Amino acid sequence: MKGERLDKLLAAQSTWSRREVKELIRKGLVAVNGLPAKGAEQKLDPDTDRVEVAGREVPLRLRLYLMMNKPAGVVSASRDDRCPTVVDLVPEELRRRGLFPAGRLDKDTTGLLILTDDGALAHRILSPKSHVPKVYLARLDRPLTPEMAEGFAAGIPLGEEGVTLPAKLEPLEDRLARVTLREGMYHQIKRMFGRYGAAVVELRRVSMGGLLLDESLAPGQCRELTPGEVELLQQR
Ligand code: URA
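Residues numbered from 1 in each chain as written. Predicted model: local features only at pLDDT ≥ 70, side-chain atom pairs only at ≥ 80, totals over all residues. Heavy atoms only, no water.

Student: Please explain the site of the ligand as it appears in this structure.
Tutor: Around the ligand, the neighbouring residues are Leu105, Asp106, Thr109, Tyr136, His187, Gln188, Ile189, Lys190 and Leu203. Here a nitrogen atom of the ligand sits 2.7 Å away from a polar atom, N or O, in the side chain of Asp106. If you tally residues by element for the shell around the ligand, the top one is helix H5 (residues 188-194), at three residues. A per-class count over the shell around the ligand returns four nonpolar, three polar and two charged. (Near = heavy atom within 4 Å. Polar contact = N/O pair within 3.5 Å; in protein donor to acceptor, adjacent residues only side chain to side chain. Helix = DSSP H or I, 4+ residues; strand = E, 2+ residues; numbered from the N terminus. Nonpolar A, V, L, I, M, F, W, Y, C, P; charged D, E, K, R; others polar.)

Student: Can you help me understand helix H2 (residues 18-26) in this one?
Tutor: Three or four residues apart is the spacing at which side chains of an α-helix point the same way, because the helix has 3.6 residues per turn. Every buried residue of H2 is accounted for by Val21, Leu24 and Ile25. What you see down the axis of H2 is that its buried residues fit within an arc of 100°, all on one side. Of the residues in H2, the exposed ones pointing more than 90 degrees away from the buried face are Arg19 and Arg26. Against the buried residues of H2 lie helix H1 (6-12), strand E2 (30-32) and strand E5 (51-53). Positioned one or two residues after H2, Gly28 has a phi angle of 80°, which is positive. (Buried < 20%, exposed > 50% of the residue type's maximum accessible area, 1.4 Å probe, protein only. Arc of directions from axis to C-beta. Contact = heavy atoms within 4.5 Å.)

Student: Help me out: how do you make sense of the environment of His131 in this one?
Tutor: Looking at the secondary structure, you find His131 in the loop between helix H3 (119-126) and strand E10 (134-140). On the basis of relative accessibility, which here comes to 33%, the residue His131 falls in the partly exposed class. Sequence separation between His131 and Gly184 is 53 residues, and the spatial gap between their C-alpha atoms is 8.8 Å. Not counting the four nearest positions on each side in its chain, His131 is found in contact with Leu165 and Arg182.

What follows is the structure, encoded as structure tokens:
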């Protein structure tokens, strides 16, 4: 079905205004299915037509799901007055209104982060009731101990937030562990290790609800989730 006008569709699925889209078309920077766009009023089918701006495809899908390999030094927010945010790192052709990180990683934490404009999906992943397993690699300033693994499995009291749900701690090296959480309290892993006097010197999220970090993404890079990956998240 060829239904929507090019300018309307592109402006809806990006951060460009209708006027900016028209300007891009006028400058010959917009292509539809590999050919220069005919004009702002050209009719498109968002499900089958392919639009590129300056040679880069702009997804016209109603909802966008991105996986980012979050680098250290950026905050998990859409906007911040002082620090660069994960949304600032999204390339222009994948940026759209309403895009936000579904979940938070600390500024110094790296790895798997989902960005989307699908509020319902984000809510499901983030809901305290959802218990989506999240797997992290944590490097400590001192050797792991059996007491840590026992404490993580039993639950650790974290002040007013109460006791953590049972978490799995698997030693990988003397000072490196794989930690699986089913919730997400503020600075949770750092605080859990803190109960044993240990500091986390490196923290990286490697999976979330069966979705694995694509290790081919360089720090700060992102890509769209495949339909199968979106399904993994939607099953939660
Ligand atoms: N636990 C932490 O302490 N920090 C994170 O970013 C994620 C889990």
